[in-house]
Number of protein chains: 4
Amino acid sequence: MDELQALQARLREFVAERDWQQFHDPKNLAMLLASEAGELLAEYRWIHNNDADAASQDPARRARILSEVGDVGLSLLLLCQRIGADPIAAMNAKLELNRTRYPADLVRGKSDRPVLK
Amino acid sequence: MDELQALQARLREFVAERDWQQFHDPKNLAMLLASEAGELLAEYRWIHNNDADAASQDPARRARILSEVGDVGLSLLLLCQRIGADPIAAMNAKLELNRTRYPADLVRGKSDRPVLK
Amino acid sequence: MDELQALQARLREFVAERDWQQFHDPKNLAMLLASEAGELLAEYRWIHNNDADAASQDPARRARILSEVGDVGLSLLLLCQRIGADPIAAMNAKLELNRTRYPADLVRGKSDRPVLK
Amino acid sequence: MDELQALQARLREFVAERDWQQFHDPKNLAMLLASEAGELLAEYRWIHNNDADAASQDPARRARILSEVGDVGLSLLLLCQRIGADPIAAMNAKLELNRTRYPADLVRGKSDRPVLK
């Protein structure tokens, strides 16, 4: 069992102990995920692009960012568990698709080809 | 090297081959993540809570959902790579915090205690 | 001068008095808007569809909802002011487009025709 | 009747003609709003802060931005109509609150005091 599988097991136990499956239908979990992504976004709201790397290393901000990264990640895992999806498989499939949609020689150094669609 | 580590290596290679690191500052990646979470949210926009589990198994919708799950997950990994964060460690830390913030005996079966904050 | 125009004038004054135009480029304002929309979304995260109307009238929740409605609306006005857009004109144009895209006789009572795209 | 009131009347008629009130509970409308805000956000995803004003004037991008501004605004109006809220009053109330929370002399020129919370 790798680290992600161990985390998934602990997360299932956390939800079951609290009898929260009843609130965790996929619609509610998609809302949870989007609102947590909004909180992470808020951390960079007033940070200039040029300062975003440095701001991510400021201890107080970094602690908040890592907390939101944790929330977003757990929300995504909860949704995957509920709908019976393998997050690693979904990411691998999308990365392979992007590899063919965005051939390196055509998009190299161009920002107008979104990395993900 | 587990599955997640292998995916992370392929993702780094994907970005480097396209010379996209220049666009991938943490602010832009937080925007990418939030917009992808919005696309996943859109899949459940008009689905009633009572129908959300079944809708997630409809083949056409499921393909779109898995595609968005892939995008959200890859966006989160890109952000973690950029800021030097370990996503599994961030999720484990948040899950442990939630375990103490929401003692099972106090919140069992109550929806007004959000699972994540 | 109607109510919206009066509000717009007060909002411009509010920003100018604080010398905040320097932070209010359109990218940052789009982030502000999305994060505020995420906070509004969070108010309905654990509310079942069947309970959403009643929950919106609960005094404590309603106060929070109206506060977020205010934030989302002000964010949208700030963005419109910055890029020189008329929000009423943009809404009228989109409503007219939707009228032709979704003919009443074809979409009546069907949820799989999104009201807005 | 001012411009906003006229638009509100047309929007009510648009929904009623399509018998879409049944899908427009406040939870679904909050999801609509957040997903439309995510689409607007996506327009600025790869645009550098320094280029965001100019990019907003590029004709093709501007058309997409105005379309999303329309969607976000209409979504907000739909939610206000459903819960019986006056959007102008909500914005005025929040602006007044922000005026007292962020005294001009204390926050002038400082980005670490968010304009809206």
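This text follows the structure it describes.
Residues numbered from 1 in each chain as written. Chains lettered and ligands numbered in written order. Predicted model: local features only at pLDDT ≥ 70, side-chain atom pairs only at ≥ 80, totals over all residues. Heavy atoms only, no water.

Engineer: Can you walk me through the overall build of chain A in this structure?
Structural biologist: Secondary structure assignment for chain A yields six helices and zero strands. The linear arrangement of helices and strands in chain A, starting from the amino end, is α-α-α-α-α-α. For chain A, the C-alpha radius of gyration of 17 Å lies well beyond 13 Å, the compact-globule estimate for 117 residues. Seen through its principal axes, chain A has C-alpha atoms that stretch 50 × 40 × 30 Å. The burial tally for chain A puts 59% of its 117 residues in the buried class. Carbon and sulfur atoms make up 52% of the accessible area of chain A, which totals about 4,600 Å². (Helix = DSSP H or I, 4+ residues; strand = E, 2+ residues; numbered from the N terminus. Rg over C-alpha atoms; globule rule 2.2 N^0.38 Å. Buried < 20%, exposed > 50% of the residue type's maximum accessible area, 1.4 Å probe, protein only. Areas by Shrake-Rupley, 256 points an atom, 1.4 Å probe, with all protein chains shown as cover.)

Engineer: Got a minute to help me understand the pattern of salt bridges in this structure?
Structural biologist: When their charged atoms lie close together, side chains carrying opposite charge are able to pair. With the rule as written, the count across this model stands at 40 salt bridges over all chains. A:R45 serves as the salt-bridge partner of C:E36, at 3.4 Å between the closest nitrogen and oxygen. Taken as a pair, C:E36 in helix 2 (residues 26-42) and A:R45 in the loop between helix 2 (26-42) and helix 3 (52-55) lie in two separate chains rather than in one. Here C:E36 matches A:R45 in class, with each residue buried. (Salt bridge = Lys/Arg side-chain N within 4 Å of Asp/Glu carboxyl O.)

Engineer: Help me understand the relation of the copies chain B and chain A in this model?
Structural biologist: The operation linking the two copies of the chain is a rotation about an axis combined with a translation along the axis. Between the two copies, chain B and chain A, the superposition gives an RMSD of 0.0 Å; the rotation angle is 180° and the shift along the axis is 0.0 Å. The relationship between the two copies is best expressed as a two-fold rotation axis. A symmetric contact is evident, with 100% of the interface residues of chain B recurring at the interface of chain A. (Least-squares fit on C-alpha atoms with pLDDT ≥ 70 in both. Contact = heavy atoms within 4.5 Å.)

Engineer: Can you help me understand the interface of chain B and chain A in this one?
Structural biologist: Think of interface size as the accessible area that goes away when the parts come together; that is how it is often given. With 78 residues of chain B at the interface, the matching set in chain A holds 79 residues. Between chain B and chain A, roughly 6,700 Å² of surface is buried when both sides are summed, and carbon and sulfur atoms account for 66% of that area. For the salt bridge of A:D53 with B:R82, the shortest nitrogen-to-oxygen distance reads 2.8 Å. Listed by contribution, the elements that provide at least two residues to the side of chain B that touches chain A are helix 1 (3-18), helix 2 (26-42), helix 3 (52-55), helix 4 (59-83), helix 5 (87-101) and helix 6 (104-107) of chain B. The element that contributes the greatest number of residues to the side of chain B that touches chain A is helix 4 of chain B, accounting for 17 residues. (Buried area = accessible area lost by both parts, 1.4 Å probe.)

Engineer: Where do I start with the interface of chain A and chain C in this structure?
Structural biologist: Taken together, the contact pairs 18 residues of chain A with 18 residues of chain C. A buried area of about 1,500 Å², summed over both sides, lies between chain A and chain C, and 67% of it is on carbon and sulfur atoms. When residues of chain A are sorted by the area they lose upon contact with chain C, A:M31, A:R45 and A:W46 head the list and together hold 42% of the total. Taken together, chain A and chain C are joined by two salt bridges. Viewed at the interface, chain C and chain A are joined by four residue pairs in polar contact (both at pLDDT 80 or more). Grouping the amino acids of the side of chain A that touches chain C by side-chain chemistry returns ten nonpolar, five polar and three charged. (Polar contact = N/O pair within 3.5 Å; in protein donor to acceptor, adjacent residues only side chain to side chain. Nonpolar A, V, L, I, M, F, W, Y, C, P; charged D, E, K, R; others polar.)

Engineer: What is the right way to read the packing of aromatic side chains from this model?
Structural biologist: One pair of aromatic rings is described through two measures. These are the centre distance and the angle between the planes. Following the criterion strictly, the structure yields eight aromatic pairs over all chains and no others. Here the aromatic rings of A:F14 and A:W20 are separated by 5.8 Å at their centres, their planes lie at 75°, and the arrangement is edge-to-face. Measuring from centroid to centroid gives 6.0 Å for C:Y102 and D:W20, while their planes differ by 65°, and the two rings are edge-to-face. One end of the pair, C:Y102, is in the loop between helix 5 (87-101) and helix 6 (104-107); the other, D:W20, is in the loop between helix 1 (3-18) and helix 2 (26-42), on a second chain. Per residue, the accessibility class of C:Y102 equals that of D:W20, and both read buried. Through pairs of rings, three or more aromatic residues link up here, namely A:F14, A:W20 and B:Y102. (Phe/Tyr/Trp six-rings, centres within 6.5 Å; stacked < 30°, edge-to-face > 60°.)

Engineer: Mind showing me how you'd approach the state of the cysteines here?
Structural biologist: Two cysteines joined by a covalent bond between their sulfur atoms form a disulfide. Per the stated rule, a full pass over the model turns up zero disulfides over all chains. The thiol of B:C80 is unpaired, and the distance to the nearest cysteine sulfur, on A:C80, comes to 15 Å. (Disulfide = S-S within 2.5 Å.)

Engineer: Help me understand the packing of helix 1 of chain D against helix 4 (residues 59-83) of chain D in this model?
Structural biologist: When two helices pack together, their arrangement is given by the angle between the helix axes and by the axis-to-axis distance. All names here are of chain D. The N-to-C vectors of helix 1 and helix 4 enclose an angle of 80°; their axes lie 11 Å apart at closest approach. For the element pair helix 1 / helix 4, the angle class is roughly perpendicular. Each of L4, L7, Q8, L11, R12 and V15 in helix 1 lies in contact with helix 4, whose residues at this interface are L74, L77, L78 and Q81. Across the contact of helix 1 with helix 4, the residue classes break down as seven nonpolar, two polar and one charged. (Axes fitted to C-alpha atoms, helices over the stretch in contact; angles between N-to-C directions. Parallel < 35°, antiparallel > 145°, perpendicular 65-115°, else oblique.)

Engineer: For this particular structure, what's the right way to read helix 1 of chain B?
Structural biologist: Because the α-helix completes a turn every 3.6 residues, residues three or four places apart line up on one side. Between its first and last C-alpha atoms helix 1 of chain B spans 23 Å; for 16 residues at 1.5 Å apiece the expected length is 22 Å, and the two agree. Those residues of helix 1 of chain B lying buried are B:L4, B:A6, B:L7, B:Q8, B:L11, B:F14, B:V15 and B:R18. On its buried face, helix 1 of chain B is in contact with helix 5 (87-101) and helix 6 (104-107) of chain A together with helix 4 and helix 5 of chain B. Its side-chain oxygen placed 3.1 Å from the backbone nitrogen of B:L4, B:D2 serves as the N-cap of helix 1 of chain B. Of the residues trailing helix 1 of chain B, B:D19 is marked for its positive phi of about 55°. (Expected span 1.5 Å × (residues − 1).)

Engineer: Any chance you could explain the side chain of A:R45 here in plain terms?
Structural biologist: The exposure class of A:R45 is buried, given its relative accessible area of 6%. One polar contact links A:R45 to C:E36, side chain to side chain, over a distance of 3.4 Å.

Engineer: Would you mind going over unusual backbone geometry with me for this structure?
Structural biologist: Across the chain, the bulk of peptide bonds are trans and the bulk of non-glycine residues have phi less than zero. Residue and element names in this part refer to chain B. A positive phi angle is found at D19, which is not glycine, with a value near 55°. In this structure, D19 sits in the loop between helix 1 and helix 2. On the basis of relative accessible area, D19 is assigned to the partly exposed category, the value being 35%.

Engineer: Looking at this structure, I do not really get the packing of helix 4 (residues 59-83) of chain C against helix 5 (residues 87-101) of chain D. What am I missing?
Structural biologist: Taken N-terminus to C-terminus, the directions of helix 4 of chain C and helix 5 of chain D make an angle of 90°; their axes are 8 Å apart at the nearest point. Here helix 5 of chain D runs roughly perpendicular to helix 4 of chain C, going by the angle between their axes. Each of C:L66, C:S67, C:V69, C:G70, C:D71, C:G73, C:L74 and C:L77 in helix 4 of chain C lies in contact with helix 5 of chain D, whose residues at this interface are D:A90, D:M91, D:K94, D:L95 and D:N98. For the contact of helix 4 of chain C with helix 5 of chain D, the class distribution of residues is seven nonpolar, four polar and two charged.

Take it as geometry only, folks, not as evidence of what the structure does.
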